[in-house]
Amino acid sequence: MALIVQKYGGTSVGSIDRIKAVAERVARAYRSGGQLVVVVSAMAGETNRLLQLGAQLSDAPYPRESDALVATGEQVAAALLAIRLHALGCPAVSLLGHQLRIMTDSRHGAAKIKSVNCDRIERVLGTGHVVVVAGFQGVTPEGDITTLGRGASDLTAVALAAVLHAAACEIYTDVDGVYTADPNICPKARRLDRISYDEMLEMAGLGAKVLQLRSVELARRYNVPLVVKSSFSEDTHGTWVGREDQAMENVLVSGVTLDQNQSKITLTGVEDRPGLAARIFGPIAEAGIVVDMIIQNAGADGRADLTFTAPRADLKRALELVRAVAGEIGAAGVRHEDQVAKVSIVGVGMRTHAGVAATMFKVLAAEGVNIEMIATSEIKVSVVVNAKYGELAMRVLHDAFLGENPALAGN
Ligand code: ADP
Ligand code: ASP
Ligand code: MG
């Protein structure tokens, strides 16, 4: 019997009416046969509300307790959905991360899944129930509640789909698929029928929060067939995320992304000698801060300026660490900027086409947008710009590469 994992995000279960609508959809799928595991997020805004409560009591809430607090959001949503399913005559059991033994390490707030035990789910499915799972949470070997990182109910869904060998993992959200750009920022964005794991991975890492980054990584590793659909419409199309095929290669640029949560740090007057980059970035890596772009310019005087980007949420901690090292290595100073945005174009076709980056720079220059940093990989080009130009840059790049007369088309 085919097993499907469905995941409903915060807005999809954001009110009592929305939970009723989701329950109807789940009950319909249940009646049409097959086995169903349904993962839910907390009701929209709830995770932030809970974090806010903690923040009113401490500048740095103790991580173990913070996780115990925020995990309640998903518990409430799972129980409410199961209550409604029973009321519709659809037998359902809600289960939390620790009941399912979604085992994680103990990095509270960003825990990694180590293993998932399927026994309980399989038993419950075997008795003809729908299993409703609280997303986003796990448990340490000591029995402490952990959470898996923001947006990580997607990860719970993909992990369950992988271990249960589900026929598909359906991610229901407030848009009807993955678009060529965030449709809430770029009105001309189009829904993609299909996208490769690699492109989706880049897009998720570069700001397209429609799928959480680690969930895409896991889907790719275990070949989980992933589809993104809207819970607000009956349209059954959505976007499939899967292995790259030949038709995908012919598309030069698949998407444009915008990350507005970046910051930039510059160390000036760093001596140009071996070992200093390691001294600077070692402590940052140890603190778990993900550094993305790095630029080093050596001056004629033998001293260099070193600039890098880091998530804005980590700016304070990164500055503390960099200032400490700057003193030790005799750097001239440390500057930072928190109003920066990263705009990127992504597409597997870039592997075989030349001139994409140059065209991107020309398009931005024509709008008077100054490029502060550049990074490229095989299938993406990213630029850092002043935050106030982020949305404009996204729209003009979308017009240029994905509009009616796309640049470099047919090359
Ligand atoms: P959920 O709460 O269901 O997990 P999210 O808010 O995490 O939903 O993700 C859906 C949102 O992702 C959309 O409302 C949209 O604004 C945003 N988004 C960003 N980039 C894209 C994209 N390329 N395609 C679709 N949605 C995108
Ligand atoms: N509720 C969690 C969050 O807001 C997880 C999720 O929505 O996927 O980050
Ligand atoms: Mg999400």
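Let me begin by describing the structure that accompanies this report. (Residues numbered from 1 in each chain as written. Chains lettered and ligands numbered in written order. Predicted model: local features only at pLDDT ≥ 70, side-chain atom pairs only at ≥ 80, totals over all residues. Heavy atoms only, no water.)

Details of the site of ligand 2
Here is step 1: Around ligand 2 lies a shell formed by Ser41, Thr47, Glu74, Phe136, Arg150, Gly151, Ala152 and Ser153.
Here is step 2: Here an oxygen atom of ligand 2 sits 3.3 Å away from a polar atom, N or O, in the side chain of serine 41.
Here is step 3: The backbone of serine 153 places a nitrogen or oxygen atom 3.0 Å from an oxygen atom of ligand 2.
Here is step 4: A per-class count over the shell around ligand 2 returns two nonpolar, four polar and two charged. (Near = heavy atom within 4 Å. Polar contact = N/O pair within 3.5 Å; in protein donor to acceptor, adjacent residues only side chain to side chain. Nonpolar A, V, L, I, M, F, W, Y, C, P; charged D, E, K, R; others polar.)

Quick look at the pattern of salt bridges
Once their charged atoms are close, side chains differing in charge can pair, the charge on each being opposite to the other.
Here is step 1: Counted under the stated rule, the structure contains 21 salt bridges.
Here is step 2: A salt bridge links arginine 351 to glutamate 244; its shortest N-O distance comes to 3.1 Å. Here the residue arginine 351 occupies a position in the loop between β16 (333-346) and α12 (356-366), and glutamate 244 occupies one in the loop between β12 (239-242) and α9 (246-249), the gap between them amounting to 107 residues.
Here is step 3: You can call glutamate 244 partly exposed: its relative accessible area is 30%. (Salt bridge = Lys/Arg side-chain N within 4 Å of Asp/Glu carboxyl O. Helix = DSSP H or I, 4+ residues; strand = E, 2+ residues; numbered from the N terminus. Buried < 20%, exposed > 50% of the residue type's maximum accessible area, 1.4 Å probe, protein only.)

Side note on unusual backbone geometry
Here is step 1: You will see that arginine 101, though not glycine, has its phi angle at about 50°, which is positive.
Here is step 2: Summarising the element assignment, arginine 101 is placed in the loop between β3 (92-95) and β4 (102-104).
Here is step 3: Relative accessible area serves as the criterion here: at 45%, arginine 101 is assigned to the partly exposed category.
Here is step 4: Look at histidine 165: it is not a glycine, yet its phi comes out positive at around 55°.
Here is step 5: The residue histidine 165 is located in the loop between α6 (153-163) and β9 (168-173) in this model.

Here's the deal with the packing of aromatic side chains
Here is step 1: One pass over the full model with this rule turns up two aromatic pairs.
Here is step 2: Measuring from centroid to centroid gives 5.1 Å for phenylalanine 281 and phenylalanine 308, while their planes differ by 75°, and the two rings are edge-to-face. Residue phenylalanine 281 is found in helix α10 (residues 276-286), and its partner phenylalanine 308 is found in strand β15 (residues 303-311); the two are separated by 27 residues along the sequence.
Here is step 3: Of the residues examined, phenylalanine 308 reaches a relative accessible area of 0% and is grouped as buried.
Here is step 4: Sitting above the plane of the phenylalanine 232 ring, arginine 18 keeps its charged end 3.8 Å from the centroid. (Phe/Tyr/Trp six-rings, centres within 6.5 Å; stacked < 30°, edge-to-face > 60°. Lys NZ or Arg CZ within 6 Å of the ring centre and 35° of its normal.)

Some remarks on the packing of α12 against helix α13 (residues 390-402)
Here is step 1: Where α12 meets α13, the axes come as close as 10 Å, and the angle between the chain directions of the two elements is 125°. Between α12 and α13, the crossing angle belongs to the class labelled oblique. Seen along the crossing, α12 lies across α13 with a hand that is right-handed. Mapping the contact onto sequence places Val356, Thr359, Met360, Val363 and Leu364 in α12 and Ala393, Val396, Leu397, Ala400 and Phe401 in α13.
Here is step 2: For the contact of α12 with α13, a count of residues per class yields nine nonpolar, one polar and no charged. (Axes fitted to C-alpha atoms, helices over the stretch in contact; angles between N-to-C directions. Parallel < 35°, antiparallel > 145°, perpendicular 65-115°, else oblique. Left-handed = near helix turned anticlockwise from the far one by under 90°. Contact = heavy atoms within 4.5 Å.)

Re the nonpolar core
Here is step 1: Judged by nonpolar contacts, the single largest core of 50 residues is most densely connected at Val5, Val37, Cys169 and Met200.
Here is step 2: Top element by residues in this core is α6. It accounts for seven residues.
Here is step 3: Beyond its immediate chain neighbours, meaning those up to four positions away, valine 37 contacts Leu3, Ile4, Val5, Gln6, Ile121, Leu125, Val131, Val133, Leu160 and Leu164.
Here is step 4: If you look at the next biggest cluster of nonpolar residues, it comprises 28 residues, including Ala181, Ile185, Leu252 and Val256. (Core = buried A, V, L, I, M, F, W, Y, C linked by side-chain atoms within 4.5 Å.)

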